[in-house]
Amino acid sequence: MVIYGKQPVLYALERHINQIEKIFIAKELPKNLFVSLKKYQKPISVLDSKKAQALAHGRNHQGIFAQIRDIKPLDLATIKHQSPLLALCGVSDIGNLGSIMRSAYCLGAGGVLVCDYTLSKSGIEGMLRASAGAALDMPFCNITHTLEVLNELKMAGFVFIGADSAGENITSFLSKSQQNSPQMPKNFKKIDRISQTNSKPAGFVGEFPEKWILFLGSEGQGLQPKILKKMDITLCIPMRRDFDSLNVAHATVIFLDRLLNRGQNE
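What you see is a predicted model; the values in this text were computed from it and never measured. (Residues numbered from 1 in each chain as written. Predicted model: local features only at pLDDT ≥ 70, side-chain atom pairs only at ≥ 80, totals over all residues. Heavy atoms only, no water.)

(A) Quick peek at the sheet that holds strand β6 (residues 111-115). Reading across the sheet, the 6 strands line up as β7-β6-β5-β11-β8-β12 and stay open at both edges, with parallel pairing between neighbours. Both outer strands of the open sheet, β7 (140-143) and β12 (233-236), are each paired with one neighbouring strand and no more. Ignoring which end each strand starts from, the neighbouring axes of this sheet average 30 degrees apart. (Pairing = 2+ DSSP bridges. Helix = DSSP H or I, 4+ residues; strand = E, 2+ residues; numbered from the N terminus. Axes fitted to C-alpha atoms, helices over the stretch in contact; angles between N-to-C directions.)

(B) Layout of the packing of helix α5 (residues 94-107) against helix α10 (residues 248-261). Interaxial distance between α5 and α10 falls to 9 Å at its minimum, and their mutual angle equals 15 degrees. Taken as axis vectors, α5 and α10 run roughly parallel relative to one another. Our pair here, α5 against α10, has a crossing hand that is right-handed. Two secondary-structure elements touch here, α5 through N96, S99, I100, S103, A104 and L107 and α10 through V248, A249, T252, V253, L256, D257 and L260. (Parallel < 35°, antiparallel > 145°, perpendicular 65-115°, else oblique. Left-handed = near helix turned anticlockwise from the far one by under 90°. Contact = heavy atoms within 4.5 Å.)

(C) α5, seen in detail. Compared with the 20 Å implied by 1.5 Å per residue over 14 residues, the 20 Å span of α5 between its first and last C-alpha is a close match. On its buried face, α5 is in contact with β5 (85-89), β6, α6 (121-130), β7 and α10. The opening residue of α5, the one whose side-chain oxygen lies 3.0 Å from the backbone nitrogen of G95, is D93. (Expected span 1.5 Å × (residues − 1). Polar contact = N/O pair within 3.5 Å; in protein donor to acceptor, adjacent residues only side chain to side chain.)

(D) Layout of the state of the cysteines. Counted by the stated rule, this structure contains 0 disulfides. Unpaired in this structure, C89 has its nearest cysteine sulfur neighbour in C115, at a distance of 4.5 Å. On the basis of relative accessible area, C89 is assigned to the buried category, the value being 5%. (Disulfide = S-S within 2.5 Å. Buried < 20%, exposed > 50% of the residue type's maximum accessible area, 1.4 Å probe, protein only.)

(E) Quick peek at the pairing of strand β4 (residues 64-68). Across the 5 residues that make up β4, a large majority, 4, are buried. Sheet topology note: the strand β1 (residues 2-4)/β4 ladder contains 3 bridges and is antiparallel. Across the sheet, residue Y4 finds its bridge partner in β4, namely F65. Across 5 bridges, strand β2 (residues 20-25) lies against β4 in antiparallel orientation. Pairing of I25 across the sheet is with I64, part of β4.

(F) Up close: the sheet that holds β1. With mixed pairing, the 4 strands of this open sheet are ordered in space as β1-β4-β2-β3. The sheet is open, and its two edges are formed by β1 and β3 (44-46), each paired on a single side. On average, adjacent strands in this sheet sit at an angle of 25 degrees to one another, irrespective of strand direction.

(G) Local environment of the side chain of H16. If you trace the backbone, H16 turns up in the loop between α1 (6-15) and β2. With relative accessibility at 17%, the residue H16 sits in the buried group. A distance of 2.8 Å separates polar atoms of two side chains, one belonging to H16 and the other to D137. Each residue touching H16, except ones within four places of it in the same chain, is listed here: Y11, L136 and D137.

Here's what the structure looks like:
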């Protein structure tokens, strides 16, 4: 597996040196950067421009590549012990996946489920690059069909939170949660679900759940109706202007920040 670009390669060298097998350079680098690469004591080879462009699929490689051991997704049995989780259902843009991985790692998510999309080796390489290397530290799992794993996740004790434009205003929802539990402890207890009517989630009572998964769909279609029906609560981001579309990576950041911090500075 090959990654490229200054930030992803340096991140991998700094934090995952044992994963690195070889370094390639494709142009003359600043002296201080070349010295930094040498200190890791990994083999360094020079690539010609055509080979470099082929490895980078024509993208900007900044003259730095690293051959690393293959990164494989975790299985569901392993990742379901992490919390909170983020489930991306049908999100297939590698740039968005990498950006979300980076944000999820920075904001404190426990893991990411890439659902309804098969990650190829080249896809994982692209995701690592787009995450600036953060995907090396963000546990992730590849799920072929979301609906087939929902029962297992529910049995593991997760509360399902869906992102949907028709959902409850997340600001109002969190405000009610804080009113129900004004002194929110750091180790949150499980909440009870209010009985549902017509299979539509009625909300939460009590303290914020200890284990939860945030589900987001693709930009074009959002979450499928069959998945939405399985949610314990659906939430939306309030818009101040008459434009109801956010990039899925940006929406994920907003949801995660508000759910993880619940409007508080920690």
